[in-house]
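Topology and contacts: notes
Here are the chains, one letter per residue:
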Amino acid sequence: MSMNAMQQLSTILQSEISNSTALASLLKQERDALKISDVNKVSEITKLKQPYLLKLEQLARQREQLLSAVGFPAGKSGLEAFIANQEEADATRMSMQVSRLREVAKTCREFNQINGGIINVNRQYLTRALSILRGRDPETGAYGPGGEYTSQIVRQPLIGRV
């Protein structure tokens, strides 16, 4: 017996929720690894995240194709219109799924932003450390021999002196 569009969409939404929840868990693990600078764990988690991201893209395409196939526009408006055209019990269940998916997606977005911030701060520290080792201090500004302003005073690098 083939599933009708409502059942298919409900199955897709549930898969999106499951995959997003797994991704959120990995993003939390990634944050924990970033906090302690566990490069190997971060690398491992990055590899584990990829299949979930690909699956979520695939599920989103399936959802959009299904909506289009039954005469609804793509995106949020099409999904809301589709749900509004279902029987009340089905519409309520699907609305709850969509709401849950949005919550999990928001969590993923927040975790990803936090992780990105941690990576950015670490990169700034690394860049500054490398600049100092190379004899350049990026936070020190001065005028060069020709009177031009330069933000990098060239000093004798620490690398190569030892």
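Some remarks on unusual backbone geometry
The backbone phi angle of Ser 37 is positive, close to 55°, even though this residue is not glycine. Along the chain, the position of Ser 37 falls in the loop between α1 (5-35) and α2 (39-69).

Remarks on the packing of aromatic side chains
Geometry of an aromatic ring pair is reported as the spacing of the ring centres plus the angle between the planes. Per the stated rule, a full pass over the model turns up one aromatic pair. When the ring centre of Phe 111 is taken as origin, the NZ or CZ atom of Arg 31, which lies over that ring, is 4.9 Å away.

Points about the nonpolar core
Nonpolar side chains tend to gather and get buried jointly when the protein is soluble and globular. Ranked by internal contacts, the top residues of the largest apolar core, which has 16 residues, are Leu 9, Leu 13, Leu 67, Leu 79, Phe 82, Ile 83 and Met 94. Only α1, α2, α3 (75-84) and α4 (88-133) provide two or more residues apiece to this core. For this core, the leading source of residues is α1, giving five residues. Residues in contact with Met 94, not counting those within four places in the same chain, are Met 6, Leu 9, Ser 10, Leu 13, Phe 82, Ile 83 and Gln 86. Formed by seven residues, the second largest nonpolar core is a distinct cluster that contains Leu 23, Leu 27, Val 104 and Cys 108.

Section: a nonpolar patch on the surface
A contiguous nonpolar patch, built from Leu 126, Leu 130 and Leu 133 and spanning about 230 Å² of accessible area, is present on the exposed surface. With respect to the helices and strands, the residue Leu 130 is situated in helix α4. Judged by its relative accessible area of 31%, Leu 130 falls in the partly exposed class.

A short note on the packing of α1 against α2
One way to put it is that α1 packs onto α2 with a least axis distance of 9 Å and a crossing angle of 160°. Taken together, α1 and α2 sit at an angle that is classed as roughly antiparallel. As α1 runs across α2, the sense of the crossing is left-handed. In the contact of α1 with α2, the residues fall into 20 nonpolar, seven polar and six charged.

Quick notes on α2
In an α-helix, one full turn covers 3.6 residues, which means residues spaced three or four apart are oriented alike. Here α2 contains 31 residues, and its C-alpha end-to-end distance of 45 Å stays within 8% of the 45 Å for a straight helix at 1.5 Å per residue. For α2, the complete set of buried residues consists of Val 42, Ile 45, Lys 49, Leu 56, Leu 59, Arg 63, Leu 66 and Leu 67. Each element contacted by the buried residues of α2 is listed here: α1 and α3. Two residues or fewer past α2, Gly 71 is found with a positive phi of approximately 90°.

Here we look at the pattern of salt bridges
Taken as a whole, this structure holds nine salt bridges when the rule is applied. As a salt-bridge pair, Arg 102 and Glu 80 come within 3.7 Å of each other at their nearest N and O atoms. Remark: Glu 80 occurs in helix α3 and Arg 102 occurs in helix α4; sequence separation between them is 22 residues. Put simply, Glu 110 and Lys 106 hold a salt bridge, and the shortest N to O gap is 3.9 Å. Taken together, the residues span about one helical turn, with Glu 110 and Lys 106 both in helix α4 at a distance of four residues. What makes Glu 110 partly exposed here is its relative accessible area of 36%. Overlapping salt bridges, with partners in common, bring together Glu 16, Arg 63 and Glu 64 in one network.

Reading guide: rules and limits
- Residues numbered from 1 in each chain as written.
- Predicted model: local features only at pLDDT ≥ 70, side-chain atom pairs only at ≥ 80, totals over all residues.
- Heavy atoms only, no water.
- Helix = DSSP H or I, 4+ residues; strand = E, 2+ residues; numbered from the N terminus.
- Phe/Tyr/Trp six-rings, centres within 6.5 Å; stacked < 30°, edge-to-face > 60°.
- Lys NZ or Arg CZ within 6 Å of the ring centre and 35° of its normal.
- Core = buried A, V, L, I, M, F, W, Y, C linked by side-chain atoms within 4.5 Å.
- Buried < 20%, exposed > 50% of the residue type's maximum accessible area, 1.4 Å probe, protein only.
- Contact = heavy atoms within 4.5 Å.
- Patch = residues over 30% accessible without salt bridge, like charges linked within 9 Å, V, L, I, M, F, W, Y side chains within 5 Å.
- Areas by Shrake-Rupley, 256 points an atom, 1.4 Å probe, with all protein chains shown as cover.
- Salt bridge = Lys/Arg side-chain N within 4 Å of Asp/Glu carboxyl O.
- Axes fitted to C-alpha atoms, helices over the stretch in contact; angles between N-to-C directions.
- Parallel < 35°, antiparallel > 145°, perpendicular 65-115°, else oblique.
- Left-handed = near helix turned anticlockwise from the far one by under 90°.
- Nonpolar A, V, L, I, M, F, W, Y, C, P; charged D, E, K, R; others polar.
- Expected span 1.5 Å × (residues − 1).

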